Amino acid sequence: MLTEASLYSLSSSLKQISTLSSTHIKMKGQTNILKSEIELDGGRGLDVTRKKEEVSKLNSKIEKTSGMMGSVYNELGEKIEKINKKAKEEAKEKVEKINEEEEENTQEKIEEDNGEIKENVNKNADEIENLNKEEQTAKSLKTTEKIVIYA
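Residue numbers here run from 1 along each chain, matching the order of that chain's written sequence. It should be noted that, the model being predicted, local features are given only for residues of pLDDT at least 70 and side-chain atom pairs only at 80 or more, the latter also being counted only at that level, while totals for whole chains, interfaces and linings use all residues. Hydrogen atoms and water are omitted, and side-chain values are computed over all heavy atoms in the structure.

1. Some details on the side chain of His24
For clarity, the cut-off: Secondary structure follows DSSP: runs of H or I at least 4 residues long count as helices, runs of E at least 2 residues long count as strands, and numbering of each begins at the N terminus. Type-normalised accessible area, obtained with a 1.4 Å probe on protein chains alone, sets the label of each residue: buried when under 20%, exposed when over 50%, and partly exposed for intermediate values. The contact criterion used throughout is that any non-hydrogen atoms of two residues lie within 4.5 Å.
Tracing the chain through its elements places His24 in helix 1 (residues 4–44). Judged by relative accessible area, which is 12%, His24 ranks as buried. Among all residues touching His24, those that are not within four sequence positions of it are Ile62, Thr65, Ser66 and Met69.

Shown next, in the form of structure tokens:
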């Protein structure tokens, strides 16, 4: 789950990359312009030493900016990886909790069903016992009736 802090951190890194990228592109453009000027001025026989030094300085800054962008990209990747790992762990915990609750609910349902089955078995046993008593009574009455008829 993305927290406010992690969103802020990601946003900050993205802004940093955006700023570095913009600066990087701007310096590359300046370098290209200076290279074109050096070519033109050199063809005219003008001194291009100062412009070559500027190109060299810009190239150093471009390399430094590229390194910084790489570091920020790596840092951003690590942050995203950490957030993903935490989100996976939280999701796994939620699934485990749901499974545990489902298992508990299933066990409770089994126990309820078993209770109902026991009640039905007991009711049926009572009914069978009553029927047996009635059958016994009926047999006794028939026997008594036969005795009375023969007597």
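2. With respect to helix 1
As a reminder of what qualifies: Helix span is expected to be 1.5 Å times the residue number reduced by one.
Look at helix 1: 60 Å from first C-alpha to last across 41 residues, which is about the 60 Å you get at 1.5 Å a residue. Every buried residue of helix 1 is accounted for by Ser6, Leu10, Ser13, Ile17, Leu20, His24, Met27, Thr31, Leu34, Ile38 and Asp41. Following helix 1 by one or two positions, Gly45 has its phi on the positive side, about 85°.

3. Let's talk about the environment of Val95
You can see Val95 is positioned in helix 2 (residues 49–150). Taking C-alpha positions, Val95 is 30 Å from Glu75, a pair spaced 20 residues apart along the chain.

4. Topic: the pattern of salt bridges
In plain terms, the rule: In the sections that follow, a salt bridge refers to a side-chain nitrogen of Lys or Arg positioned within 4 Å of a carboxyl oxygen of Asp or Glu.
For the coordinates displayed, the defined rule picks out seven salt bridges. Among the ionic pairs, Glu75 bridges to Lys79, the shortest N-O distance being 3.1 Å. Placement of the pair is Glu75 and Lys79 together in helix 2, with a separation of four residues, close to one helical turn. The closest approach of N and O atoms between Glu129 and Lys133, which form a salt bridge, is 3.6 Å. Placement of both Glu129 and Lys133 in helix 2 is noted, with a separation of four residues, approximately one turn of the helix.

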